[in-house]
Amino acid sequence: QVQLVESGGGLVQAGGSLRLSCAATGTIFSINAMGWYRQAPGKQRELVATITSGGRINYADSVKGRFTISRDNAKRTVFLQMNSLKPEDTAVYYCNAPLRRTYSSGTVDYWGQGTQVTVSS
């Protein structure tokens, strides 16, 4: 069974830093782009950053210059380094990975359980 296991959320003061990790476990043939999304109370889930297996990166404008996404393909793990955090970054952060479990299977979107990031002012 495939799981995306997240860690690293927490409470931090404005201007501080946090690092999120997400590891894909289970039987996996291939993983496409891995990424992070977030959902604040009363708002829709939004893209934060994505990274392809080849290293191509996309950031939301709101986090450019502050957040850095990286990936360890061998460990099937994606990271999100968040610096200069702001209260508006407060949200539940979700890891996402479209992947194939076997050579013959189609691509299925998997999501982590979510990790809370709270930035106090």
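Residues numbered from 1 in each chain as written. Predicted model: local features only at pLDDT ≥ 70, side-chain atom pairs only at ≥ 80, totals over all residues. Heavy atoms only, no water.

## Quick word on the side chain of Thr115
Working step 1: Among the secondary structure elements, Thr115 is positioned in strand E12 (residues 115–120).
Working step 2: Under the relative-accessibility criterion, Thr115 is labelled buried at 11%.
Working step 3: Separated by 3.3 Å, the side chain of Thr115 and the backbone nitrogen of Gly9 make a polar contact. (Helix = DSSP H or I, 4+ residues; strand = E, 2+ residues; numbered from the N terminus. Buried < 20%, exposed > 50% of the residue type's maximum accessible area, 1.4 Å probe, protein only. Polar contact = N/O pair within 3.5 Å; in protein donor to acceptor, adjacent residues only side chain to side chain.)

## Quick notes on the pattern of salt bridges
Working step 1: Scanning all chains against the criterion turns up four salt bridges.
Working step 2: Among the ionic pairs, Glu46 bridges to Arg38, the shortest N-O distance being 2.7 Å.
Working step 3: The shortest N-O distance in the salt bridge between Asp89 and Arg66 comes to 2.7 Å. Residue Asp89 is located in the loop between strand E9 (77–82) and strand E10 (91–100), and its partner Arg66 is located in the loop between strand E7 (57–59) and strand E8 (67–72); the two are separated by 23 residues in the primary sequence.
Working step 4: Judged by relative accessible area, Asp89 falls into the buried class, the value being 1%.
Working step 5: Here the salt bridges do not stand alone but share partners, grouping Arg38, Glu46, Arg66 and Asp89 into one network. (Salt bridge = Lys/Arg side-chain N within 4 Å of Asp/Glu carboxyl O.)

## What about the environment of Leu4?
Working step 1: Counting through the fold element by element, Leu4 comes out in strand E1 (residues 3–7).
Working step 2: Here Leu4 falls in the buried class, since its relative accessible area comes to 5%.
Working step 3: The spatial distance from the C-alpha of Leu4 to the C-alpha of Gln116 is 15 Å, given a sequence separation of 112 residues.

## Section: the state of the cysteines
Working step 1: A complete count under the given rule lists one disulfide for this structure.
Working step 2: Between Cys22 and Cys95 runs a disulfide, and the two sulfur atoms are separated by 2.1 Å. Handedness of the Cys22-Cys95 disulfide follows from its S-S torsion of about -80°: it is left-handed. Of this pair, Cys22 sits in strand E3 (residues 18–25) while Cys95 sits in strand E10, and the two are 73 residues apart along the sequence.
Working step 3: Since its relative accessible area comes to 0%, Cys22 is described here as buried. (Disulfide = S-S within 2.5 Å.)

## Brief notes about the sheet that holds E9
Working step 1: With antiparallel pairing, the four strands of this open sheet are ordered in space as E1-E3-E9-E8. Two strands in the sheet have a free side with no partner beyond their single neighbour: E1 and E8. Each neighbouring strand pair of the sheet contributes to a mean axis angle of 15°, computed without reference to strand direction. (Pairing = 2+ DSSP bridges. Axes fitted to C-alpha atoms, helices over the stretch in contact; angles between N-to-C directions.)

So, to be careful, I would describe these as geometric facts and stop short of saying anything about function.
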